[in-house]
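Here's the letter readout for the chains.
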Amino acid sequence: MNFFNIEKTSESKARAGVLTTDHGTVQTPIFMPVGTVASVKTVHQREIKEDIKAQIILGNTYHLYLRPGMEVMEAAGGLHKFMNWDLPILTDSGGFQVFSLSGSRKMSEEGVKFKSHIDGSYHLFTPEKSMEIQRQIGADIFMAFDECVAYPAHYNQVKKSMEMTHRWLKRCIDWNEKNPELYGYKQRFFPIVQGSTYSDLRKISAEVISEAGAEGNAIGGLSVGEPEDELYRITNEVTDILPKDKPRYLMGVGTPWNILESIGLGIDMMDCVMPTRNARNGMLFTWQGVMNMKNEKWKKDFSPLDEFGTSFVDHEYSKAYVRHLFVSKEYLGKQIASIHNLAFYLDLVKVAREHILAGDFYQWKDSVIPVLRQRL
């Protein structure tokens, strides 16, 4: 069985496919909830599987390396067993987190020396170390160690960074060839296209990444502050180059409309902290638009939280009650909102997939996005 099979390509670039891993299959396009420290914030694993219906989640290499640490991770038998999650997991390389510690890191050709945000201790992440940690975590899909530059960045800085990402990729591949999996199941490796918003650099990077011949490919360094039209332009240019028969993962994206537009540009996999982060601040995404649950207008609205929602919270709680929880700073409000938003995101990609299979994805996308963006 191939790792990735395309079931249908729509009238342009959107496609519906299936990823097959040793922990189960994933129907694409897919959104992946972020479980940074072996936990999707405020949500039980049972809820992620049964109510939210996630098919794959993310773990974070940097955070898991610091806590609980790799000694605990290996003793547990890897992240799946540690957190009691038997479906697929993807890990990032730790690169984005390390580079976001701009005040407490030092970069060289060897790797990145950084100071822990927890206790101030110093650590060194090299491409080889990132691979070793991701072996110990045991994700089904793991990422190359790359450098993600901030936006905006000067051309020469981006070019230099991209070239180092490519040299680091070779070191990642060399390490992987010499060091087999630890837990008896297959791990798939994805390199990452970089180049910021410079078309010529993205083209070079996409070609280098394609030539690496990995089982899937990722696009990094977007959704870091650039305008939406730049996000779409670069994504479109890169998906034109990346192999059509392999999954494409757009990292860190995004809003519901970002997700639909990206699917339309040939993206198969996405992740973002937005549904849970915004949920904890009282912002809910729905098929009718965006709701701020702290608003006075919901104070006496006893209708279901979301009559079109797919999770139990949408029908068991009223808008007035959820507003009360947020105004009262009750943790249950954050939990309800997180379950709702994640379930909505998974429903969004499920319905998008249905429209790709039906052959009317673009028409549907263009009609639904203005509704999704409106404030209720």
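Residues numbered from 1 in each chain as written. Predicted model: local features only at pLDDT ≥ 70, side-chain atom pairs only at ≥ 80, totals over all residues. Heavy atoms only, no water.

Asks: Which residues make up the environment of Y317, and what are the values?
Replies: Assignment of secondary structure puts Y317 in the loop between helix 12 (313-316) and helix 13 (319-327). For the pair Y317 and I336, spaced 19 residues apart in the sequence, the C-alpha separation amounts to 8.6 Å. In contact with Y317, not counting residues within four places along its chain, are S303, P304, L305, V322 and I336. (Helix = DSSP H or I, 4+ residues; strand = E, 2+ residues; numbered from the N terminus. Contact = heavy atoms within 4.5 Å.)

Asks: Before we move on, can you summarise the sheet that holds strand 8 (residues 112-115) with the specific residues and values?
Replies: Read across the sheet, 3 strands follow the order 7-8-9 without closing on themselves; strand pairing throughout is antiparallel. Every interior strand has two partners, whereas the edge strands, strand 7 (105-107) and strand 9 (122-125), have only one. Along the sheet, successive strands turn relative to each other by an average axial angle of 15°, direction set aside. In this sheet, strand 8 lies alongside strand 7 in antiparallel orientation, the contact comprising 3 bridges. Directly across from M107, in strand 8, lies its bridge partner V112. (Pairing = 2+ DSSP bridges. Axes fitted to C-alpha atoms, helices over the stretch in contact; angles between N-to-C directions.)

Asks: Any chance you could break down the pairing of strand 3 (residues 24-28) for me, citing the residues and the numbers?
Replies: Pairing of strand 2 (residues 15-21) with strand 3, which is carried by 5 bridges, proceeds in the antiparallel orientation. Bridging from a neighbouring strand, L19 pairs with V26 of strand 3. Linking strand 2 to strand 3, which pair antiparallel, is a turn of 2 residues.

Asks: I'd love a proper account of the UniProt feature "active site" (unreviewed entry) in the chain, names of residues and values included.
Replies: The residues that UniProt annotates with the feature "active site" (unreviewed entry) are D92 and D271. A stretch of 180 residues holds the annotated residues, and the largest C-alpha distance among them is 10.7 Å, short enough that they meet in one place. The subset of the named residues that lines the largest pocket consists of D92 and D271. Structurally, D92 is set in the loop between strand 6 (89-91) and helix 5 (95-100). Beyond its immediate stretch of four places on either side in the chain, D92 contacts G59, N60, T61, Q97, Q134 and M143. Among the polar contacts made by the side chain of D92, one reaches the side chain of N60 at a distance of 2.8 Å. Relative to the elements of secondary structure, D271 occurs in strand 15 (residues 269-271). With residues up to four places along the chain from it excluded, the contact list for D271 reads F31, M32, V34, L58, Y249, L250, M251, G252, V253 and G254. (UniProt positions renumbered as here; feature names shortened; annotations may be inferred. 1 Å grid on protein atoms, 1.4 Å probe; cavity = no way out; pocket = protein on both sides within 12 Å on 5 of 7 lines; lining within 4 Å. Polar contact = N/O pair within 3.5 Å; in protein donor to acceptor, adjacent residues only side chain to side chain.)

Asks: Go over helix 9 (residues 228-241), please, and point to the residues and values.
Replies: For helix 9, spanning 14 residues, the distance from its first C-alpha to its last is 21 Å, which sits close to the expected 20 Å at 1.5 Å a residue. Taken together, the buried positions of helix 9 are occupied by E230, L231, Y232, I234, T235, V238 and T239. Lining the buried residues of helix 9 we find strand 12 (192-193), helix 8 (199-211), strand 13 (217-219), strand 14 (248-250) and helix 10 (256-264). (Expected span 1.5 Å × (residues − 1). Buried < 20%, exposed > 50% of the residue type's maximum accessible area, 1.4 Å probe, protein only.)

Asks: Tell me about the sheet that holds strand 1 (residues 4-9), and name the residues and values.
Replies: In space, the 3 strands of this open sheet follow the order 1-2-3, with antiparallel pairing throughout. Looking at strand neighbours, the two that pair on one side only are strand 1 and strand 3, the edges of this open sheet. Looking at each pair of strands side by side, their axes are set apart by 15° on average, direction ignored. Helix 14 (residues 331-358) rests against strand 1, strand 2 and strand 3 of the sheet, and its axis sits at about 120° to strand 2.

Asks: Residue-level account of empty space enclosed by the protein, with values.
Replies: Taken as a whole and judged by the stated rule, the model has 1 cavity of 30 Å³ or more. Empty space within the largest cavity amounts to approximately 40 Å³. W287, D306, F308, G309, T310, D314, H340, F344 and D347 are the residues that line the largest cavity. For the lining of the largest cavity, the element with the most residues is helix 14, which contributes 3 residues. Here the lining of the largest cavity is composed, by residue class, of 3 nonpolar, 3 polar and 3 charged. (Points joined across faces, edges and corners; volume = space filled by probe spheres on them. Nonpolar A, V, L, I, M, F, W, Y, C, P; charged D, E, K, R; others polar.)

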